[in-house]
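Reading the structure
If you want the building blocks of each chain, they are given just below.
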Amino acid sequence: MVRRLFLLCVFFVTAVAANAQQVRPASSGTIYHEIARLRNLVNVLYVAAHPDDENTRFLAYMVNDQHIRTGYLSLTRGDGGQNLLGTEQGEALGLIRTHELIEARKLDGAEQYFTRAVDFGFSKTYEETFKHWPKEVLADDAIWVMRRFRPDVVICRFPPDTNAGHGQHAASAIIAEMAFKMSGDARQYTEQLRFYEAWQPKRLLFNSFRFGSRNTTSEDQFKMQVGQYVPSLGMGVGELAGQSRSVHKSQGAGTPSVPGLQTEYFKLVAGEPFTKSIFDGIDITWNRVGRPDIGKELDAILSKFDFRKPEASIPALVAVRKMITEVKDVHWRGQKLKEIDEVILHCAGVMAELYSKQAEAARGEVLPFTLRVIARAPGVKMEGISWAGSGDTAMSLVMSRDTLLTFEQKITIPAGIPLTQPYWLQFTSGNAIYYMPADTTAGLPESVNRLLATVKLNIGGQPFQVPVPLSFKKLDPVKGDVVEQVRIVPDMVASFTNKLLFAEADGTVHADLRLKANKDLPNMSVRVVSSLTREAVKDIYVPMFKKGVDTVIPIVFKPTTTELKDFMIVPQTAVPEVQEQHVIQYDHLPALQYFTRSIARVLVPNWKCTAKRIGYVQGAGDLVPDVLRQAGLEVDVLKESDLVSAAGLKKYDAIITGIRAVNAEKKMAQWMPVLLQYASEGGTLVMQYNTLQDMSTSKLGPYPFNLSAKRVTEEDAAVTFTAPDHRLLHYPNEITQADMADWVQERGLYFPVNWDKNYTTLFSMNDAGEQSLESSVLYAKTGSGHYMYTSLSFSRQLPAGNKGAIRLLMNMLSVGK
């Protein structure tokens, strides 16, 4: 049965919601777990450095078997990692990995927090890490999370030394210990006390591990059996952990779901010793706040819980709720009221959704929305809908069981609502830390959704304010219903179709500026300004920009200055917040939106390339072919049909394989013989780096070599030319030490070892205090052609406009011409 009601148009203004999820009931198994969690007054916080560092098996055990509120604090969002799915790097990859963590937490049930640290890439020691990261700032962030989350036990994934295997891993342990020791001191970081009281956890532990040949466990450490079967899940927590960790698809972190018990090891780092349980000396029951009677009532509710009729528990839960309102401890009263309200809504089978058919909206725009509300328990009353700041729609409806109420309404998007974007990317930050707001948003995994309505319900005589976010909903023929947050966008967005441009020999620059209006904008003027001369290179006037129409404007100009050097061009308009919009879409994530300054960088070429036509074998995804096209080369991305025989490849002056091609493309086992034959018959083959994980073939070159995990992570590491007379260093560009300057994030990674004597090396480099690595480029003459394998990070350098890296790669492509 469906009842449809029509309401007058109102203006919607800002309200606060914790997330962008529509209101959905939970399964009886989940409700049982939530009631069991109500009995426990204890919190556990796990700390590590990156997404996918966390021990999902332990998190899943704590949450789903022990019914204990558990959180994971990741110092970074994984911005410096690699991307198996696409070309996103840096902050865009960090946004992807943030939401992979959010999706993982939805599976294992833990909560997620972050500091403002930027993942700048692999580092080998914590000393190197803290050259980038301000230790006191990150301690501030970790203390903030501890005071907010109030963990009784804090657990580090890594030790504070080289056994951590990564400088940022070790740094996470150091930050955790600093925060542990200062979180309870009200004299430290006093500005936080406006929001949260000082809080001292009971103990800090290290969850030791066996990773490959690295073993930090010992038999004298505390042992805990995890992996228990949970009937309501239909699997063990180890199996659930495999599903959770496998959400990290951008990292290729697919993990087996392992049934059965496994042993976790723990070592005391700081705080009170323990012998029987990590919770020794901690009262985790309602006795903690002097209310054992609440615990007894919850025990009774659990013992009588009917999985077929969860609504039968509502009267008892409402009675317990009244008891919780009388608890004197402010923290536990607030936390448990939040939890029990969620349980009662779930028992009542409440569903509420508010959706439009439009995915994006500009401020001031009026959109039609549909609000649908249903309850599966009898006696639920709907008492109104509140559109915050614009009055209430009062009603008194007894909701018949399983009867859908539908309301049609037009809503005006408020002028002051923020753009939909990650709060940490809202303002430009440095290379070490992101922006962090000075409010309770800090540390959360995503921006708080403030675009919502509130449905007022009465359940069991108790009022409930249910926030319902404004959503976009569509029917996908393959996926079914797709529901996402309505994305707030600026009145206009602007972007250059290419972010990296190359000036012609006489200085002429060609660019295309794409403008899109998100509402009708009359009498629009746009000016494109050069940073070189501070002058306008293009003035554009359009009488009317129509909503939703893309306008591409070609720009051709020649700088007036006689001293031509690299510069930038930016658009300027009278419309505020004209930025470039980025929307990332992958099947396992919601659409992710962020904005950056609209800008194009113009390079003045100082290189030559005698190769003209290039074949490119795609790997895990990089932007190298795009940069080469911009530089004037003809680049074809090779298809399977192109790689049947070497004869069809002779039209290419050189062929490049993308990063991790041997890992990402299983057919490389069949393609490599063809590529090597192409090289031996006079072609030039350049292979970018691969990893040891899941290689489709180990035969990577005409002569043998092995891969390793060795890296040079210091982007300014000294470089020695080991074959200074080699053609690759002189033709067609003279490579000097100047070309080794201004590299970003790293020199190279996954360096070859044990290479055949037929290979020549070009460079020697190393991180401080380490042995030199000479295999960043392996060159071999093969037949009448040329083969090169390179660990240099061209995939990061070229999109960053590193001219030295461009010059070197042009030499590699030109070696046979």
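The residue numbers shown here count from 1 along each chain, following its written sequence. Per-residue local features of the predicted model are confined to residues with pLDDT of at least 70, and side-chain atom pairs are confined, for both listing and counting, to 80 or more; whole-chain, interface and lining totals are unaffected and use all residues. Side-chain figures throughout are based on the complete set of non-hydrogen atoms in the structure, without hydrogens or water.

Some details on the environment of Leu 404
Numbering of helices and strands runs from the N terminus, with a helix taken as a DSSP run of H or I at least four residues long and a strand as a DSSP run of E at least two residues long. Along the chain, Leu 404 falls in strand 19 (residues 404-412). The exposure class of Leu 404 is buried, given its relative accessible area of 13%. Counting along the chain gives 29 residues from Leu 404 to Ala 375, while the straight-line C-alpha distance between them is 7.9 Å. Any residue under 20% of the maximum accessible area for its type is buried, any over 50% is exposed, and the rest in between are partly exposed; the area is computed with a 1.4 Å probe on protein chains only.

Quick look at the pairing of strand 6 (residues 153-156)
Burial along strand 6 is two-sided: the residues Val 153 and Ile 155 and Val 154 and Cys 156 are all buried. Here four bridges tie strand 3 (residues 43-48) to strand 6, and the two strands are oriented parallel to one another. Bridge assignment links Tyr 46 to a residue of strand 6, and that residue is Ile 155. Think of it this way: DSSP has to see at least two bridges between two strands before they count as a pair. Pairing between strand 6 and strand 7 (residues 203-208): four bridges, direction parallel. The residue bridging Val 153 from the neighbouring strand is Arg 203, located in strand 7. For the segment spanning strand 6, helix 6 (residues 167-182) and strand 7, crossover handedness is right-handed. With the strands aimed away from the viewer, a crossover counts as right-handed if its path from the first strand over the helix to the second runs clockwise.

Here's the deal with the environment of Lys 538
Summarising the element assignment, Lys 538 is placed in strand 28 (residues 536-545). When the C-alpha atoms of Lys 538 and Arg 527 are compared, they prove to be 5.8 Å apart, with 11 residues separating the residues in sequence. Throughout, a contact is declared for two residues whenever any of their heavy atoms are within 4.5 Å. Residue contacts for Lys 538: discarding those within four places in its chain leaves Val 526, Arg 527, Val 528, Ile 553, Pro 554 and Ile 555.

Notes on the packing of helix 8 (residues 292-304) against helix 9 (residues 314-324)
As a packed pair, helix 8 and helix 9 sit with axes 10 Å apart at the nearest point and diverge in direction by 165°. The angle between helix 8 and helix 9 falls in the class roughly antiparallel. Seen from above, helix 8 lies across helix 9 with left-handed handedness. Residues Asp 293, Ile 294, Glu 297, Leu 298 and Ile 301 of helix 8 pack against Ala 316, Leu 317, Val 320, Met 323 and Ile 324 of helix 9. Only Asp, Glu, Lys and Arg are considered charged in this grouping, and only Ala, Val, Leu, Ile, Met, Phe, Trp, Tyr, Cys and Pro are considered nonpolar; every other residue, Gly among them, is considered polar. Counted by class, the contact of helix 8 with helix 9 contains eight nonpolar, no polar and two charged residues. All axes here are fitted lines through C-alpha atoms, helices being fitted over the stretch that makes contact, and every angle between N-to-C directions spans 0 to 180 degrees. Working definition: roughly parallel below 35 degrees, roughly antiparallel above 145 degrees, roughly perpendicular at 65 to 115 degrees, and oblique for all remaining angles. Two helices cross in a left-handed way if the nearer one is turned anticlockwise from the farther one by less than a right angle. They cross in a right-handed way if the turn is clockwise.

Overview of the packing of helix 3 (residues 90-108) against helix 7 (residues 237-245)
In the contact formed by helix 3 and helix 7, the axes pass within 8 Å of each other and the chain directions differ by 160°. One way to sum up the angle between helix 3 and helix 7 is to call them roughly antiparallel. Both helix 3 and helix 7 take part in a crossing whose hand is right-handed. Every residue of helix 7 that contacts helix 3 at Ala 104, Arg 105, Leu 107 and Asp 108 is listed here: Leu 240, Gln 243 and Ser 244.

Here's the deal with the sheet that holds strand 30 (residues 567-573)
To summarise the sheet geometry, strands pair through backbone hydrogen bonds and adopt either a parallel or an antiparallel arrangement. What the five strands build is an open sheet, ordered 25-33-30-27-28; its pairing is mixed. In the strand order of this sheet, the two ends are held by strand 25 (500-502) and strand 28, each with one partner. The mean inter-strand angle of the sheet, taken between neighbouring strand axes irrespective of direction, is 25°. Direction of pairing for strand 27 (residues 521-530) relative to strand 28: antiparallel, over a ladder of eight bridges. Bridged to Val 526 within strand 28 is Ile 540.

Observations concerning the sheet that holds strand 29 (residues 550-557)
With respect to topology, three strands assemble into an open sheet ordered 24-26-29, the strand pairing being antiparallel. A strand with exactly one partner marks an edge of an open sheet, and here the two such strands are strand 24 (492-496) and strand 29. The average angle at which neighbouring strand axes cross in this sheet is 20°, direction not considered. As judged from the eight bridges shared by strand 26 (residues 509-517) and strand 29, these two strands associate in the antiparallel manner. Within strand 29, the residue paired with Lys 516 across the bridge is Asp 550.

A closer look at helix 7
Along helix 7, the positions that sit buried rather than exposed are Val 237, Gly 238, Leu 240, Ala 241, Gly 242 and Ser 244. Packed against the buried residues of helix 7 are helix 2 (56-65), helix 3, strand 11 (229-230) and strand 12 (235-236).

Focus on the packing of aromatic side chains
By convention, a stacked pair of Phe, Tyr or Trp rings (six-membered ring in the case of Trp) has centres within 6.5 Å and planes under 30 degrees apart, an edge-to-face pair has planes over 60 apart, and any other such pair is tilted. Across all of its chains, the model carries 25 aromatic pairs by this definition. With a centroid separation of 5.7 Å and an interplanar angle of 65°, the aromatic rings of Tyr 113 and Phe 149 are classed as edge-to-face. One end of the pair, Tyr 113, is in strand 5 (residues 111-114); the other, Phe 149, is in helix 5 (residues 135-149), with 36 residues separating them in the sequence. For Tyr 113, a relative accessible area of 6% corresponds to the buried category. The class of Phe 149 is buried, set by a relative accessible area of 0%. Here Trp 743 and Phe 794 contribute two aromatic rings whose centre-to-centre distance is 6.5 Å and whose plane-to-plane angle is 50°, an arrangement assigned as tilted. Here Phe 794 lies in helix 14 (residues 794-797) and Trp 743 lies in the loop between strand 40 (719-721) and strand 41 (748-749), a separation of 51 residues in the sequence. Trp 743 gets classed as buried once you look at its relative accessible area, which sits at 6%. Since its relative accessible area comes to 1%, Phe 794 is described here as buried. Joined through ring pairs, the aromatic side chains of Tyr 703, Phe 705, Tyr 759, Tyr 787 and Tyr 789 make up one cluster.

Structural notes on the nonpolar core
Within this scheme, the nonpolar core is defined by two criteria: the residues are buried Ala, Val, Leu, Ile, Met, Phe, Trp, Tyr or Cys, and they are joined through side-chain atoms within 4.5 Å. Judged by nonpolar contacts, the single largest core of 65 residues is most densely connected at Met 382, Leu 457 and Ile 459. Per-element accounting of this core gives the leading share, seven residues, to helix 10 (residues 330-347). With residues up to four places along the chain from it excluded, the contact list for Leu 457 reads Leu 345, Val 350, Val 380, Lys 381, Met 382, Met 399, Gln 462, Pro 463, Phe 464 and Val 466. Counting residues in hydrophobic clusters, the runner-up holds 48 residues, among them Leu 95, Val 118, Cys 156 and Ala 176.

Quick notes on the confidence of the model for the chain
Detailed reading of the predicted model is not advised wherever pLDDT is low. Residue-level confidence of the predictor is what pLDDT reports, using numbers from 0 through 100. Scored by pLDDT, the chain has a mean of 93; 97% of the residues are at 70 or more. Confidence drops under a pLDDT of 50 for residues 1-20, and excluding neighbours within four residues, the segment shows 65 contacts in the predicted structure.

Some points on the side chain of Arg 487
Mapped onto the elements of the fold, Arg 487 is located in strand 23 (residues 487-489). Of note is the side chain of Arg 487, whose polar atom sits 2.9 Å from the side chain of Glu 360. The contacts of Arg 487, once residues within four sequence positions are left out, are Ala 359, Glu 360, Ala 361, Thr 420, Val 583, Ala 591 and Gln 593. Pairing of N or O atoms within 3.5 Å defines a polar contact, subject to two protein rules: one partner must be a possible hydrogen donor and the other a possible acceptor, and residues neighboring in sequence count only if both atoms are side-chain atoms.

Remarks on the side chain of Arg 711
Relative to the assigned elements, Arg 711 resides in strand 39 (residues 711-712). Side-chain polar atoms of Arg 711 contact the side chain of Tyr 750, separated by 3.1 Å. If we skip the residues at most four places from it in the chain, Arg 711 touches Gln 82, Phe 122, Lys 124, Gly 748, Leu 749, Tyr 750, Phe 751, Asp 767 and Leu 773.

Describing the pattern of salt bridges
A pair is scored as a salt bridge if a Lys or Arg side-chain nitrogen falls within 4 Å of a carboxyl oxygen belonging to Asp or Glu. Under the defined criterion, the tally for this structure stands at 46 salt bridges. The residue Arg 372 makes a salt bridge to Glu 353 at a minimum N-O spacing of 2.7 Å. Within this pair, whereas Arg 372 is found in strand 16 (residues 366-374), its partner Glu 353 is found in strand 14 (residues 351-356), the two being separated by 19 residues in sequence. Judged by relative accessible area, Arg 372 falls into the partly exposed class, the value being 24%. Through salt bridges with shared partners, a single network forms among Arg 24, Glu 353, Arg 372, Lys 473 and Asp 481.

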